[in-house]
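Notes for the structure review
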Amino acid sequence: RVDEWTDVDRKRVMNDIITTMFNKKFMEELFKLQDLYSKKALRTVYDRLAHASIMRLNQASMDKLYDLMTMAFKYQVLLCPRPKDILLVTFNHLDAIKDFVRDSPGILNQVDETFRQLIETYSCLSAGEFQLIRQTLLIFFQDMHIRVSIFLKDKVQNSNGRFVLPISGPVPWGTEVPGLIRMFNRSGDEVKRTEFTTDGNYVAPQREGSFDLYGDRVLKLGTNMYSVSRPVETHMSGSSKNLASHAKENIAPNPLAKEELNFLARLLGGLEIEKPRGSETGFRLNLFTTDEEEEHAALTRPEELSYKVINIEATQ
């Protein structure tokens, strides 16, 4: 669009994307028991979701958006105080999404339905099962070390792209502040206590976050990291080569995961996406400072990292 980006445009784009993302059939497919998607499969789905509205991104901006999303999510999973808190991170995501569509009751109901499915599916899992989920996600992201300026400025990411784990602050809910060793006899009676000094400044958590449809999540991971206005850029220099060496991973997912992906892409491909009306051609989102910078990024990106969107004919 040649005119200024307006609230109407923003609301329309968010509504289109969220409607597509929380489509009933799409959600039913995601909630089925299945193998984890490959990196290419995830990227294909992400491309379709990002382009579910009148917004368009070229390859370089799309790559940058995807890199930012994956590193932000990796950070959230890595810093969860306990495995079950992954669910609180997800609820923070959904709370924010609901705020985007608070004036659209129909879409809000779609998100709430997904909320209820999450609570029903995951709230009854054991700590061990949540630990398995967390480890599976971290294995998926373990070779991705893209530097993000907002993390670098906040000192939560090193210059090599690895995250910094804090050794101070609240301990996980249900645990005690370290510094005390208790010894018991064979009858289970405490017979001795020994204290030791810790390097961190730990405190006990005041309360547990809410796992209900509404409530205070307490945990801040998964909330808006741009709540304080500042320029943000994903730095690709030095990280592209590192990514390139792993780009050929998961090219051939197992047949079950591939079949699930085909069905999922068929659902996405069959969704009604609102086309620009009349002479309106939509708008292009550029995540770089200038068009020239975006073009340069597209030219210098390694060929192995180029993701191709798979077009699937739903009628066949």
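Everything discussed here concerns the structure shown above.
Here is a short report on the structure shown in this document. Within any chain, residue numbers begin from 1 and follow the written order of that chain's sequence. Under the rules for a predicted model, residues below a pLDDT of 70 receive no local features and side-chain atom pairs below 80 are neither given nor counted, while totals for whole chains, interfaces and linings still include all residues. Calculated side-chain values reflect all of the structure's heavy atoms, with hydrogen atoms and water omitted.

Details of the overall build of the protein chain
Applicable threshold: For helices the rule is a DSSP run of H or I covering at least 4 residues; for strands it is a run of E covering at least 2, with both sets numbered from the N terminus onward. When accessible area is computed with a 1.4 Å probe and restricted to protein chains, residues below 20% of their type maximum are described as buried, those above 50% as exposed, and intermediate ones as partly exposed. Contacts were defined at the residue level, with two residues in contact if any of their heavy atoms lie within 4.5 Å. In short, Shrake-Rupley with a 1.4 Å probe defines the accessible areas, and a residue's cover is counted only from the protein chains shown.
Each helix and strand in the protein chain was counted, giving eleven helices and eight strands. In the protein chain, buried positions account for 38% of the 316 residues. Restricting the contact set of the protein chain to residue pairs at least 6 apart, pairs at least 24 apart contribute 74%. Element-wise, carbon and sulfur atoms account for 55% of the exposed surface of the protein chain, whose accessible area totals about 18900 Å².

Structural notes on the pattern of salt bridges
We apply this condition: One side-chain nitrogen of Lys or Arg within 4 Å of one carboxyl oxygen of Asp or Glu is enough to make a salt bridge.
In this structure the tally under the stated criterion is 14 salt bridges. The shortest N-O distance in the salt bridge between Asp 47 and Arg 43 comes to 2.9 Å. Here Arg 43 and Asp 47 lie together in helix α3 (residues 39-50), a separation of four residues that amounts to about one turn. Here Asp 47 falls in the buried class, since its relative accessible area comes to 4%. Between Arg 182 and Glu 190 there is a salt bridge, and its shortest N-O distance comes to 3.8 Å. You can call Arg 182 partly exposed: its relative accessible area is 33%. Overlapping salt bridges bring together Glu 176, Arg 182, Glu 190 and Arg 193 as one network.

Quick look at the packing of aromatic side chains
The description of an aromatic ring pair uses the distance of the two centres, along with the angle that the planes make with each other. The criterion, for reference: Stacked, tilted and edge-to-face are the three classes applied to pairs of Phe, Tyr and Trp rings, where Trp contributes its six-membered ring and a pair requires centres within 6.5 Å; stacked means planes under 30 degrees apart, edge-to-face means over 60, and tilted covers the rest. Put simply, a charge is over a ring when the Lys NZ or the Arg CZ is close to the ring centre, within 6 Å, and near the line of the ring normal, within 35 degrees.
If you walk through the whole model with that rule in mind, you get eight aromatic pairs. Centroid distance Tyr 75 to Phe 151: 4.9 Å. Interplanar angle 35°. Geometry classified as tilted. In this pair, Tyr 75 sits in helix α4 (residues 59-78) while Phe 151 sits in helix α8 (residues 149-153), placing the two residues 76 residues apart along the sequence. The class of Tyr 75 is buried, set by a relative accessible area of 15%. Residue Phe 151 is classed as buried on the basis of its relative accessible area, which comes to 4%. Both rings, one in Phe 151 and one in Phe 163, keep their centres 5.5 Å apart while their planes meet at 80°; by these two values the pair is edge-to-face. Taken together, the positions of Phe 151 in helix α8 and Phe 163 in the loop between α8 and β3 (169-170) put the pair twelve residues apart, joining distant regions of the chain. The pair formed by Phe 151 and Phe 163 is uniform in burial state, with each residue classed as buried. Across from the ring centre of Phe 140, 4.7 Å away, lies the NZ or CZ of Lys 39, which sits over that ring. The ring centre of Phe 211 lies 4.5 Å from the NZ or CZ of Lys 84, which sits over that ring.

With respect to unusual backbone geometry
The phi angle at Lys 155 is positive, at roughly 65°, despite the residue not being glycine. Within the element layout of this structure, Lys 155 appears in the loop between α8 and β3. For Lys 155, a relative accessible area of 66% gives the class exposed. With a phi close to 65°, Val 218 is a non-glycine residue in the positive phi region.

Concerning the pairing of strand β4 (residues 180-184)
Our working definition: The criterion for strand pairing is that DSSP finds at least two bridges linking the strands in question.
Two strands pair when backbone bridges link them, and β4 and strand β5 (residues 190-195) are joined in this way by five bridges, in the antiparallel orientation. Note that in β5 the partner of Arg 182 across the bridge is Arg 193. Adjacent in sequence and paired antiparallel, β4 and β5 are bridged by five residues, among which Gly 188 carries a positive phi angle near 90°.

Structural notes on the packing of α4 against helix α7 (residues 127-141)
Using the following cut-off: To obtain an axis, a line is fitted to C-alpha atoms, over the contacting stretch when the element is a helix, and the angle between two such axes runs from 0 to 180 degrees between their N-to-C directions. Here a crossing is called left-handed whenever its near helix is offset anticlockwise from the far helix by less than a right angle, and right-handed whenever the offset is clockwise. For this scheme, ten residues count as nonpolar: Ala, Val, Leu, Ile, Met, Phe, Trp, Tyr, Cys and Pro. Four count as charged, namely Asp, Glu, Lys and Arg, and the remainder, Gly too, count as polar.
Interhelical geometry of α4 versus α7 gives an angle of 145° and a closest axis separation of 10 Å. For the crossing formed where α4 meets α7, the hand is left-handed. Counted together, Thr 70, Phe 73, Lys 74, Val 77 and Leu 78 of α4 and Arg 134, Leu 137, Leu 138 and Phe 141 of α7 form the full contact between these two elements. Residue classes in the contact of α4 with α7 are distributed as six nonpolar, one polar and two charged.

With respect to α3
Quick reminder of the rule: Helix span, as expected, comes to 1.5 Å for every residue beyond the first.
Look at α3: 16 Å from first C-alpha to last across twelve residues, which is about the 16 Å you get at 1.5 Å a residue. Within α3, nine of the twelve residues are buried, which leaves the element mostly enclosed by the surrounding structure. Within the sequence span of α3, burial applies to Lys 39, Ala 41, Arg 43, Thr 44, Val 45, Tyr 46, Asp 47, Leu 49 and Ala 50.

As for the side chain of Asp 85
Counting through the fold element by element, Asp 85 comes out in helix α5 (residues 85-100). Looking at Asp 85, the relative accessible area reads 5%, which means it is buried. Sequence-distant contacts of Asp 85, that is, excluding residues within four places in its chain, are made with Cys 80, Phe 211 and Leu 219.

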